[in-house]
Structure formats: structure tokens, C-alpha cells
Amino acid sequence: MQTEKIILGIDPGTAVMGFGLITIKSGKMSLLAIHELILKKYDTHEIKLKHIFDRTLSLIDEYHPDEVALEAPFFGKNVQSMLKLGRAQGVAMAASLYRDVPIVEYSPKKVKMAITGNGNASKEQVAGMLQKLLNLKEFPTKYLDASDGLAVAVCHHFNSGSISTEKSYTGWDSFIKHNPNRIK
């Protein structure tokens, strides 16, 4: 039985992307790091995607997570926003798979439900509950996107022992096998 595990949680975004890392030692969860990638300052979507890929790789190389948990894009009315968000998530997935780190996706409602018990909780409620769960005197970031990345990691920890209906891939071969319609 593994007594130590590091989980990288990612909240994909095109303005601010949140990353949260937790460590699990003998069943006890603690905050390892929290980061945000500010993308608003970059002019083109392509440059933003490059920074997402580079930052995800650098976090993987620095912290060596055992697993990566991502928040799946939600379905909104703005098709262009959904497309850009999906690309951001795809680039983070590609960086994880490039380093052979298994990935799992969770819906925003599932993440909120795991953290607060309410699938419709606000970002502030999620951050407040994370502060309690991780015994933090104050929250280490002002960006709620970063706390959302942390929430995805905690959600994954809470769901690790249960049978998951969420999508999970152990590498490119697994991703391709489960997504043949995405290959051209």
C-alpha cells in the first residue's frame, strides 16, 4: 500500500489557470503548493496555450505528482469560450501524458459536491471549506482559480478509494483507446 502520494489539481482557464498540489501521507492530506498562471497579459490564444503547456510541465518536473486531476470544461452558451477552455484543458492533459502521469477528469459539480457537499456552491464557499479541510490559517492566494485547482486535487483524493465514473487515462495509448473519435 502506498503511504505517500502527490496529486496535482488543475482548473483550466484562459484568463487565469489554477494549480493546486496536495500530498497524502499515511492518509493525511496537506497542502504542498498552490499556483496560478495569469494568462490575461498574453495577446494570442496560441501563446497562452504554450504557457499552459510549459507551466504544467514545470510543475510536474518540480513536484513529481503521482496523478493529475483536471476539472472538465462545463457546457456553456458561448461556443468560442468553450472551445478555448477545451484547448486549455487539452494542453494541460497533453503535458501530463507527455510525462506519463495518469490523469482523471471531474465535472465542476462533482468537485463542488466533494468539497462542500453542495454541487452549486460558490467559489468562495469552496475556498472556505478548503481552508478548513487543510487547516490553513489564511488562504495562500487571492485567485479563486488557484483554489479551484486545489479543490480538484482534494476531490480526487476523496474519490480515490471509490469506483469512479469519471474519465481516466494512464497514457497516450489509453487516451486514444477511449477516444477513437478524437483521432483524425
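Residues numbered from 1 in each chain as written. Predicted model: local features only at pLDDT ≥ 70, side-chain atom pairs only at ≥ 80, totals over all residues. Heavy atoms only, no water.

## A word on the confidence of the model for the protein chain
For residues with low pLDDT, the predicted coordinates do not support detailed interpretation.
Now for step 1: Per-residue pLDDT for the protein chain has a mean of 88; in total, 87% of the residues score no lower than 70.
Now for step 2: Confidence, read as mean pLDDT per element, is least for strand 6 (residues 168–169) in the protein chain (60) and greatest for helix 1 (residues 45–63) (97).
Now for step 3: Note that residues 162–166 has pLDDT below 50 and, in this model, 5 contacts with residues that lie over four places away or in other chains. (pLDDT = per-residue confidence, 0-100. Helix = DSSP H or I, 4+ residues; strand = E, 2+ residues; numbered from the N terminus. Contact = heavy atoms within 4.5 Å.)

## Some remarks on the side chain of Lys48
Now for step 1: Structurally, Lys48 can be placed in helix 1.
Now for step 2: Of the side chains with opposite charge, Asp43 comes closest to the buried, unpaired Lys48, at an N-O distance of 8.3 Å.
Now for step 3: In this structure, Lys48 is in contact with Thr14, Leu39 and Tyr42, ignoring residues within four places of it in sequence. (Buried < 20%, exposed > 50% of the residue type's maximum accessible area, 1.4 Å probe, protein only. Lys, Arg positive; Asp, Glu negative; His and termini not counted. Salt bridge = Lys/Arg side-chain N within 4 Å of Asp/Glu carboxyl O.)

## As for the environment of Lys28
Now for step 1: Along the polypeptide, Lys28 turns up in strand 3 (residues 28–38).
Now for step 2: Judged by its relative accessible area of 56%, Lys28 falls in the exposed class.
Now for step 3: Placed 106 residues apart in sequence, Lys28 and Leu134 show a C-alpha to C-alpha distance of 9.6 Å.

## What to know about the nonpolar core
Now for step 1: Formed by 24 residues in total, the largest nonpolar core has its most connected members in Ile22, Tyr106, Val111, Ile115, Leu130, Phe139 and Leu150.
Now for step 2: For this core, the secondary structure elements donating two or more residues are strand 2 (16–25), strand 3, strand 5 (103–106), helix 3 (108–116), helix 4 (123–133) and helix 5 (144–159).
Now for step 3: Ranked by residues supplied to this core, first place goes to helix 5 with 7 residues.
Now for step 4: Setting aside anything within four residues of it in sequence, one finds Leu150 in contact with Gly20, Leu21, Ile22, Leu31, Ile34, Leu130, Leu134 and Phe139. (Core = buried A, V, L, I, M, F, W, Y, C linked by side-chain atoms within 4.5 Å.)

## Considerations on the packing of aromatic side chains
Now for step 1: Under the counting rule described, the total for this entry stands at 1 aromatic pair.
Now for step 2: Between Phe53 and Tyr98 the ring centres are 6.3 Å apart and the planes differ by 55°, which places this aromatic pair in the tilted class. A residue pair is termed long-range when its members are at least 10 positions apart, and Phe53 in helix 1 and Tyr98 in helix 2 (residues 79–98) qualify at 45 residues.
Now for step 3: Of the residues examined, Phe53 reaches a relative accessible area of 26% and is grouped as partly exposed.
Now for step 4: In this structure Tyr98 comes out as exposed when scored by relative accessible area, which is 52%. (Phe/Tyr/Trp six-rings, centres within 6.5 Å; stacked < 30°, edge-to-face > 60°.)

## Here we look at the packing of helix 4 against helix 5
Now for step 1: For the pair helix 4 and helix 5, interaxial distance at closest approach is 9 Å and the crossing angle is 60°. Classified by the angle between their axes, helix 4 and helix 5 sit oblique to one another. As for how helix 4 packs across helix 5, the hand of that crossing is left-handed. Where helix 4 approaches helix 5, its residues Lys123, Glu124, Val126, Ala127, Leu130 and Leu133 are matched on the opposing element by Leu144, Asp145, Ser147, Asp148, Leu150, Ala151, Val154 and Phe158.
Now for step 2: Considering only residue class, the contact of helix 4 with helix 5 consists of 9 nonpolar, 1 polar and 4 charged. (Axes fitted to C-alpha atoms, helices over the stretch in contact; angles between N-to-C directions. Parallel < 35°, antiparallel > 145°, perpendicular 65-115°, else oblique. Left-handed = near helix turned anticlockwise from the far one by under 90°. Nonpolar A, V, L, I, M, F, W, Y, C, P; charged D, E, K, R; others polar.)

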